[in-house]
Every structure is written in structure tokens, then in C-alpha cells.
Amino acid sequence: MFYGWFMAALGALIIALGSAPVFYGLPVWNPVVRNAFGWSATQMSGAYAITQVQEGFLGPVAGFLTEKLGARRMVLIGMVVLGLGFVLFSRIQELWQLYAAFCIMSLGSSLGTWLPVMTVMNQWFVRNKSRAMSLAMEGFALGGIIAPLLLAWAIGGADPTESERYGWRTTALFVGLLCLALAVPLSLLMRNRPEEMGLHPDGDSIPVARERQVDPGAGPAGNEAEGYTWQEAIKTRTFWFMSIGHAASATAIVTVFVHLGLALDERGFTLGDIGRVIAVYTAVSAVFVLLGGYAGDRLPIRLTAFGFSVLQSASLVVLALAHSTWMLMLFAVMMGVGSGARMPVGFSVRGVYFGRKAYAAITSISLVPMSVLLFAAPVFAGFMRDAIGRYDVPFLAVAGFSFFGSCLFLLMGAPPKEFARTEART
């Protein structure tokens, strides 16, 4: 079996450990911490929002560091920082300490999980790029099934007056120590490029790899293995349609996971109910991450991104109106299909349009407008909830904005040359 598929499985494990307890844990952590300290929805949403400002400033730095240091070192650095962040989170007493802990956890997750793993997938695969990325993203989906249920079970309840099992502080400390313990073993298994092992992308033989390298239509540098520099990419309209489209459509996911636990807690649902909604969402997402990767390799990628992003936006409308279990389950299924299938397409589209040469730098720069919008969306939702006393209006507003972002994918046009699809037919 081509070693790149082992790298995809390793990437899934790294993403599961480094992202699921932070992102999928938000609907569990937030109501527990709010009830423990009495902070408002706006204050709670600020903890995540400030991490987006941080990522906006440091995102390009992370991309350039990944290019210079390689994914292996970035995984080690990121997992250590993430573990320290969870240890600090377990000791917070003031609101500013919550913000600081979330910044450190977010920094570790961004340095050591998504960016280095997706960079490695972009280096190891050309024809099967979307499918390889979708396999790595299964870690996020499967981690999302397990993490909220385990966290909810370990904590014991959202009401601080009720007896707890282990409590949120002990649970957070355990997650931090686990990340620190696995940082070195996981990083040692990572390989940055297939060429380091005498291999070629997709497991091609040497003659096939050489044939690809002389393809004159594969990009500005003459082949997909080189592709665009980040300076060339940011001068294209496609880059900005892609970046703003992803940023706007991603506001739906972030707003949900910052405010879902708070909203359902207010509507009378238990911490177990919240965990089950997330588990259903992520179970569906786990299936459609793979189907999205397959669709991204077989269908026009801009149309695939548009279709799944629209479905994701529509799920927020259902959530805004959901006051019963069956509507919550409908929301979970729709969000799972839309966001699950959109994720591998969102990462592979940058490689399809801009090649392998500067994938990490191009991706990190495209995250700057995303960070701005992901800062504003949860803060807006929290402010609106505190102003009018309910969540339906902010959820509907974010759904409309997410739909706008979906439409931008249609304006990207076809890639200069659809490298993976052209090679798959020859």
C-alpha cells in the first residue's frame, strides 16, 4: 500500500487529538463554565472570538513556519502548546484567564494539526488529493463523535450545584496531559514529502512522475508539483472569491459550536442532550467527509463546494426554529452532510487551483479574512442574544451571510488546469 495512505491515517489521529476536544468540546465546555462563573453569552463568545484575531495575525506566520520547518516539527510544537493550554484552562478563575487559555489552545491546534496535516496531504497526493484529505479529516469527524460524549460523561453535568463525576477542571487537565504525552511519538511518525522516502505523489512510478513534471499546462511554474507562489496566488480574483467564500460559509459552523450549548441549555435540554446532538452531527459528518472527498475528485470542485455550503447554511435555519428533539436531529443531519462534505473540498480546492509549491503559505494567508469573520460572527450572535433574549434571530442572520459566501464559489471559474482530473483520465 502506498505510504501516503498511512500518512493520511496518522493525520486523522493528530487532528482528532488536537482539534476535537477544543472545537467539538465548545458546546460542552461553554455551558459548564458559564454556569460556574456566571458570565454572559457575549463574554463567553469572546473567548473563541479573540482566538480568531490571534489566528488572523499569526496565521501567515504559521504557514511560513510550516514551509520552513516542515510538518513534523510543527506537529511537535503545536501539540505541546495545545497541552499546556488545556492545563492552564483547568486552573482558570477570571475571565481574562479563560481568554488566555483559549488563545493558547487555539494556537497549538492551528500550529500542530490542520495546517501541517493538510500540507502533508497536498505534498503526498495529486490525483487523489481530495480523498486523501477527507481521510485525514475523518479524525476530526470521528473525534467529534467521541469527544463531546466523553467530555459530558466525565464532567457529569452543566449545573455546578449538582454532583459531578470528575468535574470540568480534572477533565481539562487530563486532556492537556494526554496531548503532552503523545506530542513526540506522533511527530516522529510524520514525513513531510514523499521524495524524502524516495517515493512520488500518489505512489506513481518514476516514468509517470517525470511525465507529470513536463506537463506545460500545469501552472505558472510549469507543473503541479511547483504551482503558484503565494505572491502569484493573491493577485488572482479566484484567491479572494475562494477565501471570502470559505470565510463566510464557515461562520455557520463556528457560530453553532460557540453558541449551540448555550442555546440548548436555555431551551431546557440537558448536557447529555447536547452531547447527543453533536454526536449525531459528527457521525453523519464522518460519512460525508469521505463522500465529499470523492465528489471533490470527480465533480467540478467549485460546484461541489457551493452545493454542500448551501445545505450547511440551511441547517442554521432549522436550528433557529428547533425547540424539539426531532428538529434538533434534523439540524444535526443537515449540518453533518453540508459541513462534513465541504471540509475536504475546502482544503483541496487550494491545491487544485494553486498547486503544491506554496500550499501552506497560500492556505494560511487565505485564513486572514476568515479570521476576521470568525471573530465577528460569534460575537455578533452573542450580542444579539443578550440584546433580544433569544437565539433565533442571530442564527437566521448568520445563515443568510453563510449563503452569500456559498455563492462566491460559483464565481471562481475553472482551475487553470484541473491537474488531478486530467491525470486521472489519461
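See above for the structure.
First, a word on scope: everything that follows refers to the structure included in this document.

Rules of the game
Residues numbered from 1 in each chain as written. Predicted model: local features only at pLDDT ≥ 70, side-chain atom pairs only at ≥ 80, totals over all residues. Heavy atoms only, no water. Helix = DSSP H or I, 4+ residues; strand = E, 2+ residues; numbered from the N terminus. Buried < 20%, exposed > 50% of the residue type's maximum accessible area, 1.4 Å probe, protein only. Contact = heavy atoms within 4.5 Å. Salt bridge = Lys/Arg side-chain N within 4 Å of Asp/Glu carboxyl O. Expected span 1.5 Å × (residues − 1). Bend = angle between axes of the 7 residues up to and from the residue. Axes fitted to C-alpha atoms, helices over the stretch in contact; angles between N-to-C directions. Parallel < 35°, antiparallel > 145°, perpendicular 65-115°, else oblique. Left-handed = near helix turned anticlockwise from the far one by under 90°.

Let's shift gears to the overall build of the protein chain. A tally of regular secondary structure across the protein chain gives 16 helices and zero strands. The buried share of the protein chain, reckoned over its 426 residues, is 59%. Residue pairs at least 24 apart in sequence account for 84% of intrachain contacts in the protein chain once pairs closer than 6 positions are excluded.

What follows deals with the pattern of salt bridges. The final tally for this structure, using the stated rule, is seven salt bridges. Where Arg385 meets Glu266, a salt bridge forms, and the shortest distance between an N and an O atom there is 2.9 Å. Note that Arg385 is positioned in helix α14 (residues 359–388) and Glu266 in helix α10 (residues 237–266), a separation of 119 residues in sequence. Among the residues examined, Glu266 registers a relative accessible area of 33% and is labelled partly exposed. Where Asp386 meets Arg385, a salt bridge forms, and the shortest distance between an N and an O atom there is 3.2 Å. A single salt-bridge network, built from bridges that share partners, covers Arg34, Asp265, Glu266, Arg385 and Asp386.

For the rest of this paragraph, the subject is helix α5 (residues 95–124). Relative to the 44 Å expected for 30 residues at 1.5 Å per residue, α5 spans 43 Å between its end C-alpha atoms, a close match to the ideal helical length. If you look at α5, its biggest bend is around 40 degrees, right at Ser110. Of all 30 residues in α5, 23 are buried, a share of seventy percent or more.

Another point: the packing of helix α6 (residues 129–155) against helix α13 (residues 325–354). In the contact formed by α6 and α13, the axes pass within 9 Å of each other and the chain directions differ by 140 degrees. Comparing their axes, α13 and α6 come out oblique. The interaxial crossing formed by α6 with α13 has right-handed handedness. Taking contact as the criterion, the partners of Lys129, Ser130, Met133, Ser134, Met137 and Phe140 in α6 are, on α13, Met343, Pro344, Phe347, Ser348, Gly351 and Val352.

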